[in-house]
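Understanding the architecture of this molecule
Spelled out, the chains give:
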Amino acid sequence: MRLLTFKGGVHPPGKKELAREQKIQIFPIPKTVYVFLSNHAGAPAKCVVKQEDRVKTGQIIGEPSGFISAYVHSPLTGVVKSIEKIYHPVHGKPMEAVVIEQTDNEEEWELLERKVWESSSKEEILEIIKKAGIVGLGGAMFPTHVKLSPPPEKRIDTLIINGAECEPYLTIDYRLMLENAEEMLQGILITMKVLSVKEAHVGIESNKMDAVQHLRKVFKNTPIKVHALKTKYPQGAEKQLIHAITKRKVPAGGLPMDVGVVVQNVGTIIAIKKAVVDGMPLVERGLTVTGEAITKPFNAIVRIGTPISQLLEAGGITEDAERVILGGPMMGIAVNRLETPVLKGTSGITALRASKPWEEKPCIRCGKCITACPMGLEPYLLNLLSSKKRYDDAVNNGLLNCIECGSCAYNCPSKIDHVRSIKLAKKVYLALRGGKK
Ligand code: SF4
Ligand code: SF4
C-alpha cells in the first residue's frame, strides 16, 4: 500500500498505546469553571454577563469584538462568581476569565436555533456556526466561521479533514473517528455545503489503520475519500497534509485557501454537526489525559473551563511527574499552574516523568536540523540570527514560514532548542514591524 507523505519530518515514539484503547467517557461537570474571554485566536470576546448573574449551560457570556473573534458560552448552569484576570497559558499573561459556579439546580440548556441544514442557505448555516462559538479544535483556535468564509477571489474546491493526529501520546481524534463516525459524516457534508465543494478528503496516519477502514466503510458511496498517510511528524501540519493529499504546495507566507483548500480538524467537524443539527454551542470538547506520569490514561468529553488539576487527579498523576503539557510534547505548552483551565484548543494533557537534563551543546554543523525541517528551512541559521537579534535577516531566511513544529530540535544531537529562539524572534519582529517587511 502506498502511503502519502511530505518531505522532512521526524519519527518520535508515538506512545499512543497508553490511551488508544480507552473509550471516550463523559467527564463530570466541575463545580467551578474558569472560562477565558480569549478562547480563540483574534480579539478577546466582550463580556456580556456580570457578577451574580444566573446563567444556563450554553448561554452567551462573551460576544465577538472584531472580525477575528468568537462567541463564548457558559459551560454549566450556575452563577457568575467573578470576572477576573487569571494566567492564560497561550498568551503567557493574566487575561480576563468568567468564573462560574454550579448551582444545585438541574442543568438547564440554552440551545441555538435549529434548522434543517439540507434546506438552509450557506449564510444561515454559517451564522449558526458563528453563534456556536466554534473554533479550530486542533489547537490553533481560529474562528471556524471566518475560515469557512474565504474572500470571493479564493476559489475553494477541496475540503480536507485532518485526522492525522501526529502529535505523540494524543488519541482523542482517533477515538472520535472510531466512535463518532456518523456525526463526522454529517459535519463533513454540512461543511461541504457551506464551502460549495464537491469533494472532501480525510487524512489519517497509518498507525490508525482501523480508523481508516472504519471511516471508509461509513463514508462508502459518499464524495468523501479516506487516505492512509505515512506515520511521520508533523504529518498533521496543514501545509504538509495538503501536499500529501493533493500535491498542491501552499506558497511561502500563504494560506491553504491560496491553493483552493480548507482544512478542518476531526473535533471541529463534529462540533459543526452538533451545532447545526443538535443546536449545541461549543461548551465542551474531547481530549486525552495521558503520559508516563498518569496511571490511568483516558479520553473524555470535558467542559471548557475545567481546571486541569481535576483531570490529572482523575488520571492518577504520579508523585514523580515533572512536566505537565497542554497538548502533546512536540507542540504543546508546558504549564506550571495546575488550576489552568481547559481551553477550546486543549486537545490533551500530557504528564511526563523526569527526563535527563537538557544540556545544550555547540552546533556541530551536522545539518540534521535541515533534513528534519518540513518547511525546507535552515533551523541552525534561524537560531543563530534570532539569538543575535538580526530579525530582518532571519525573516529573509524564512523565519515567518516556520510552523514551530520542533522537528529540528528533536533531531539535533547538540540539543539546541531552535524553537524557543525562533518563537521569540517572530514575536519581536511582528511587534517591531507589524508583520510588514
Ligand atoms: S525551523 Fe520551524 S518548521 Fe523547521 S523544523 Fe524547526 S520548528 Fe519546524
Ligand atoms: S542539528 Fe543541531 S548540531 Fe546539527 S547543524 Fe542543526 S543545530 Fe547544528
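Residues numbered from 1 in each chain as written. Chains lettered and ligands numbered in written order. Predicted model: local features only at pLDDT ≥ 70, side-chain atom pairs only at ≥ 80, totals over all residues. Heavy atoms only, no water.

**A few points about the site of ligand 1**
Taken together, Cys373, Pro374, Met375, Pro379, Cys402, Ile403, Glu404, Cys405, Gly406, Ser407, Cys408 and Ile422 make up the full set of residues adjacent to ligand 1. In terms of residue class, the shell around ligand 1 is built from nine nonpolar, two polar and one charged. (Near = heavy atom within 4 Å. Nonpolar A, V, L, I, M, F, W, Y, C, P; charged D, E, K, R; others polar.)

**Side note on the environment of Glu378**
Within the fold, Glu378 resides in the loop between helix H9 (368-372) and helix H10 (379-387). Residue Glu378 is classed as partly exposed on the basis of its relative accessible area of 35%. With 24 residues separating them in the primary sequence, Glu378 and Cys402 have C-alpha atoms 9.9 Å apart. (Helix = DSSP H or I, 4+ residues; strand = E, 2+ residues; numbered from the N terminus. Buried < 20%, exposed > 50% of the residue type's maximum accessible area, 1.4 Å probe, protein only.)

**Notes on the sheet that holds strand E6 (residues 72-73)**
The three strands are arranged E3-E5-E6 in an open sheet whose pairing can be described as antiparallel. The strands lining the two open edges of the sheet, one partner per strand, are strand E3 (46-47) and E6. (Pairing = 2+ DSSP bridges.)

**What to know about helix H6 (residues 238-246)**
Every α-helical turn comprises 3.6 residues, leaving residues that sit three or four positions apart pointing alike. When H6 is considered as a whole, its buried residues turn out to be Lys239, Gln240, Leu241, Ile242, Ala244 and Ile245. As for H6, its buried residues are in contact with strand E9 (158-162), strand E10 (199-205), strand E11 (224-229) and strand E12 (261-265). The positive-phi residue at the C-terminal boundary of H6 is Lys247, with phi of around 70°. (Contact = heavy atoms within 4.5 Å.)

**Regarding the side chain of Thr57**
With respect to the helices and strands, the residue Thr57 is situated in the loop between strand E4 (54-55) and strand E5 (60-63). Looking at Thr57, its side chain comes within polar contact range of the side chain of Thr77, at 2.8 Å. Side-chain polar atoms of Thr57 contact the side chain of Glu107, separated by 2.6 Å. (Polar contact = N/O pair within 3.5 Å; in protein donor to acceptor, adjacent residues only side chain to side chain.)

**Examining the packing of aromatic side chains**
Evaluated as defined, the whole model comprises one aromatic pair. Relative to Phe298, the ring of Phe27 has its centre 6.1 Å away and its plane inclined at 5°; by these criteria the two rings are stacked. One end of the pair, Phe27, is in the loop between strand E1 (24-26) and strand E2 (32-36); the other, Phe298, is in strand E14 (residues 298-303), and 271 residues separate them in sequence. Pair check on accessibility: Phe27 and Phe298 agree, each one buried. Over the aromatic face of Phe6 sits the side chain of Lys232, whose NZ or CZ is 4.4 Å from the ring centroid. (Phe/Tyr/Trp six-rings, centres within 6.5 Å; stacked < 30°, edge-to-face > 60°. Lys NZ or Arg CZ within 6 Å of the ring centre and 35° of its normal.)

**Looking at the nonpolar core**
Within soluble globular proteins, side chains that are nonpolar generally end up buried alongside one another. Core analysis: the biggest nonpolar cluster contains 56 residues, and Leu159, Met184, Ile188, Val202, Leu215 and Phe219 have the highest contact counts within it. The element that contributes the greatest number of residues to this core is helix H4 (residues 181-195), accounting for eight residues. Setting aside anything within four residues of it in sequence, one finds Ile188 in contact with Leu159, Ile161, Ala200, Val202, Phe219, Ile224 and Ile269. Membership of the second largest hydrophobic core comes to 17 residues, among which are Val289, Ile308, Val324 and Ala351. (Core = buried A, V, L, I, M, F, W, Y, C linked by side-chain atoms within 4.5 Å.)

**Some words on helix H3 (residues 172-179)**
The element H3 is largely enclosed, with a buried count of six among its eight residues. For H3, the complete set of buried residues consists of Ile172, Asp173, Tyr174, Arg175, Leu176 and Met177.

**Side note on the domain arrangement of the protein chain**
Domain boundaries assigned for the protein chain yield domain 1 (16-20 + 114-278) and domain 2 (368-433). Taking only C-alpha atoms into account, the centre of domain 1 sits 29 Å from that of domain 2. Taken together, the contact between domain 1 and domain 2 spans seven residues of the former and six residues of the latter. Summed over both sides, the interface between domain 1 and domain 2 buries roughly 490 Å², with carbon and sulfur atoms accounting for 57% of that surface. Taken together, domain 1 and domain 2 are joined by zero salt bridges. (Domains from an automatic or database assignment. Buried area = accessible area lost by both parts, 1.4 Å probe. Salt bridge = Lys/Arg side-chain N within 4 Å of Asp/Glu carboxyl O.)

**A short note on the pattern of salt bridges**
Overall, the coordinates contain 22 salt bridges when judged by the stated rule. Here Lys15 makes a salt bridge to Glu292, at a shortest N to O gap of 2.9 Å. Taken together, the positions of Lys15 in the segment before E1 and Glu292 in the loop between strand E13 (284-290) and E14 put the pair 277 residues apart, joining distant regions of the chain. In this structure Lys15 comes out as partly exposed when scored by relative accessible area, which is 27%. Relative accessible area serves as the criterion here: at 27%, Glu292 is assigned to the partly exposed category. Sharing partners across several salt bridges, the network here consists of Arg20, Glu21 and Asp210.

**Section: the environment of Gly345**
Position of Gly345 relative to the elements: it lies in the loop between strand E16 (333-335) and strand E17 (348-353). Once residues within four sequence positions are removed from consideration, Gly345 is found in contact with Leu137, Gly139, Met141 and Arg285.

**A closer look at the environment of Ala181**
Turning to its location among the elements, Ala181 is positioned in helix H4. The buried category is assigned to Ala181, whose relative accessible area is 4%. Note: C-alpha distance between Ala181 and His214 (33 residues apart in sequence) is 8.1 Å. Ignoring anything within four residues of it in the chain, the contact list for Ala181 reads Leu176, His214, Leu215, Val218 and Phe219.

**Regarding unusual backbone geometry**
Omega for the bond connecting Tyr233 with Pro234 falls within 30 degrees of zero, at -5°, which places this linkage in the cis form. Tracing the sequence through the fold places Pro234 in the loop between E11 and H6. In this structure, Lys389 takes a positive phi of about 60° despite not being glycine. With respect to the secondary-structure elements, Lys389 resides in the loop between H10 and helix H11 (391-396). Judged by relative accessible area, which is 61%, Lys389 ranks as exposed.

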